[in-house]
Amino acid sequence: MAEAGVVVDAWEDGASFQVKAHAGARRDRVGGCHDGMLRVETTTAPEKGKANKSITRLLAKRLGVPAAAVVLLSGETNSRKRFGVRGLAPDAVRAAFR
C-alpha cells in the first residue's frame, strides 16, 4: 500500500496526484511511494497508450470510482505522470492510498 507520503493536490474537478509508472511489470500493482509519487506497476506494454489505460483502470479500482473519473493530465509518454480524479476531495484520495 502507498505511504502517507503521496502528495495529493486540489484540482478544479477534484484531486490530482503524481504517479511513477512502470509498464511491462511482472504484475499489476498500486502501492508504494517514490518522491511523493504513487508507484503503479502494470503488465501492459507501453505502446499506443495501452499502459496509460491500464494504469487508469487500476487507479479507478483503487479509488472506487468509474474509470471515466480518472484523467491523465500530463506525462503521456513519460514514466512520471499526473492524474486527476473527478469528484473526490484530496483527503479522500489520500485515505484510499494509505
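Residues numbered from 1 in each chain as written. Predicted model: local features only at pLDDT ≥ 70, side-chain atom pairs only at ≥ 80, totals over all residues. Heavy atoms only, no water.

Peer 1: Talk me through the environment of Ala95; I want residue IDs and the actual numbers.
Peer 2: Among the structural elements, Ala95 can be located in helix H2 (residues 90-97). Judged by relative accessible area, which is 45%, Ala95 ranks as partly exposed. Between the alpha carbons of Ala95 and Val8 there is a distance of 10 Å; along the sequence they are 87 residues apart. (Helix = DSSP H or I, 4+ residues; strand = E, 2+ residues; numbered from the N terminus. Buried < 20%, exposed > 50% of the residue type's maximum accessible area, 1.4 Å probe, protein only.)

Peer 1: Any details on the layout of surface pockets? Residues and values, ideally.
Peer 2: Looking at the largest pocket, its volume works out to about 190 Å³. As for the largest pocket, its lining consists of 15 residues, and the residues nearest its centre are Pro46, Ala51, Asn52, Glu76 and Lys81. Counting residues per element, the ones that place at least two in the lining of the largest pocket are strand E2 (14-23) and helix H1 (50-63). In the lining of the largest pocket, the residues fall into five nonpolar, six polar and four charged. (1 Å grid on protein atoms, 1.4 Å probe; cavity = no way out; pocket = protein on both sides within 12 Å on 5 of 7 lines; lining within 4 Å. Points joined across faces, edges and corners; volume = space filled by probe spheres on them. Nonpolar A, V, L, I, M, F, W, Y, C, P; charged D, E, K, R; others polar.)

Peer 1: Provide a residue-level description of the pairing of strand E4 (residues 37-42), including the pertinent values.
Peer 2: Extensive coverage of E4 is indicated by the burial of five of its six residues. Here E2 runs beside E4; their pairing, made up of five bridges, is parallel. Residue pairing for E4: Ala23 is matched across the bridge by Thr42. When strand E3 (residues 29-34) meets E4, the two strands line up antiparallel, connected through four bridges. In the sheet register, Arg29 faces E4, and the bridge partner there is Glu41. Between E3 and E4, which pair antiparallel one after the other, the connecting turn spans two residues, and Asp35 there sits at a positive phi close to 50°. (Pairing = 2+ DSSP bridges.)

By themselves, these figures tell us nothing about what the structure is for.
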